[in-house]
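Overview (structure and organization)
What follows is the residue order along each chain.
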Amino acid sequence: MKKIKLDIVGLSYSQTQSGAYALVLGEVNGRRRLPIIIGSFEAQAIAIEIEKMTPSRPLTHDLFKSLAANYHINIQEVIIYNLVDGIFYAKLICSDGKKTSEIDARTSDAIALAVRFECPIYTYEFILASAGIVIEGNEFVFLENIEPQTEEKVASPTLNYSSLSEEELKIKLKDALADEAYEKAANIRDELSRRKSS
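Residues numbered from 1 in each chain as written. Predicted model: local features only at pLDDT ≥ 70, side-chain atom pairs only at ≥ 80, totals over all residues. Heavy atoms only, no water.

What follows is about the environment of Ile-38. Here Ile-38 shows up in strand 3 (residues 32–39). By relative accessible area, Ile-38 is classed as buried at 5%. Remark: the alpha-carbon pair of Ile-38 and Arg-106, spanning 68 residues in sequence, is separated by 9.6 Å. Excluding residues within four positions of it along the chain, Ile-38 makes contact with Leu-11, Ala-20, Tyr-21, Leu-23, Ala-43, Ile-46 and Ser-108. (Helix = DSSP H or I, 4+ residues; strand = E, 2+ residues; numbered from the N terminus. Buried < 20%, exposed > 50% of the residue type's maximum accessible area, 1.4 Å probe, protein only. Contact = heavy atoms within 4.5 Å.)

Here it is, written out as structure tokens:
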């Protein structure tokens, strides 16, 4: 069966399931999208790695990567290989240089590991044909709405940081990472980036 390569194109709070997130994978060089509902922990694990943030202590997926590196195991690819009753099935293709193994995994965990190992994500045509959607343009905002929006969060988060000095922002960024307040850390980082580019 021919494999179809996918990229992560969006991650947002699910409008249909409370406490869940919609991970959207997109067909490389195509218009089809594959939305997958995942839990908040996995959404956070994927977002943190994509945003290149460093938590104060290793998350579970970071621990797995460190363990694999110590034993010279590399994940070569992730394959979303089946869809049964709305549940996606994935596997990790791992190698130690001598032997290649397939390990069954939840799709959300497999993708959290794929971003850490920088390995490709694949699926098959029958899965895209049955669960994929076609998007005209890109309606998904990349890594937006990682937490549900409340009335207080509608205001631009950078307004709170615009009056602070660069040194104060760096201290607040360090504190936010230590407290594992990753959304706050991303807002502070964005403010620092805006200042550097202006």
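Right, let's talk about the pattern of salt bridges for a bit. As enumerated under the stated definition, the model contains nine salt bridges in all. A salt bridge links Arg-106 to Glu-42, with the nearest nitrogen and oxygen atoms 2.4 Å apart. A residue pair is termed long-range when its members are at least 10 positions apart, and Arg-106 in strand 6 (residues 100–106) and Glu-42 in helix 1 (residues 40–50) qualify at 64 residues. For Glu-49, the salt bridge identified is with Lys-52, shortest N-O distance 3.4 Å. In this structure Glu-49 comes out as buried when scored by relative accessible area, which is 15%. On the accessibility criterion, Lys-52 (54% relative accessible area) is exposed. (Salt bridge = Lys/Arg side-chain N within 4 Å of Asp/Glu carboxyl O.)

The next subject is helix 1. Side chains that are three or four residues apart share a direction in an α-helix, a result of its 3.6 residues per turn. What helix 1 keeps buried is the set Glu-42, Ala-43, Ala-45, Ile-46, Ala-47, Ile-48 and Glu-49. Of the residues trailing helix 1, Lys-52 is marked for its positive phi of about 60°.

Here we come to the packing of helix 2 (residues 60–70) against helix 3 (residues 107–117). Following both chains from N to C, one finds helix 2 and helix 3 inclined at 55°, their axes separated by 10 Å at the closest point. The pairing of helix 2 with helix 3 is recorded here as oblique in orientation. In this structure, helix 2 meets helix 3 at a crossing whose hand is right-handed. On helix 3, the residues touching His-61, Asp-62, Phe-64, Lys-65 and Ala-68 of helix 2 are Asp-109, Ala-112, Leu-113, Arg-116 and Phe-117. Looking at the contact of helix 2 with helix 3 residue by residue, the class counts come to five nonpolar, one polar and four charged. (Axes fitted to C-alpha atoms, helices over the stretch in contact; angles between N-to-C directions. Parallel < 35°, antiparallel > 145°, perpendicular 65-115°, else oblique. Left-handed = near helix turned anticlockwise from the far one by under 90°. Nonpolar A, V, L, I, M, F, W, Y, C, P; charged D, E, K, R; others polar.)

Before going further, it helps to examine the packing of helix 1 against helix 3. Across the interface, helix 1 lies against helix 3 with an axial gap of 9 Å and an inter-helix angle of 10°. The angle between the axes of helix 1 and helix 3 places the two elements in the roughly parallel class. For the pair helix 1 and helix 3, the crossing hand works out as left-handed. In this structure, helix 1 contributes Glu-42, Ala-45, Ile-46, Glu-49 and Ile-50 to the contact, and helix 3 contributes Ser-108, Asp-109, Ile-111, Ala-112, Val-115 and Arg-116. In terms of residue class, the contact of helix 1 with helix 3 is built from six nonpolar, one polar and four charged.

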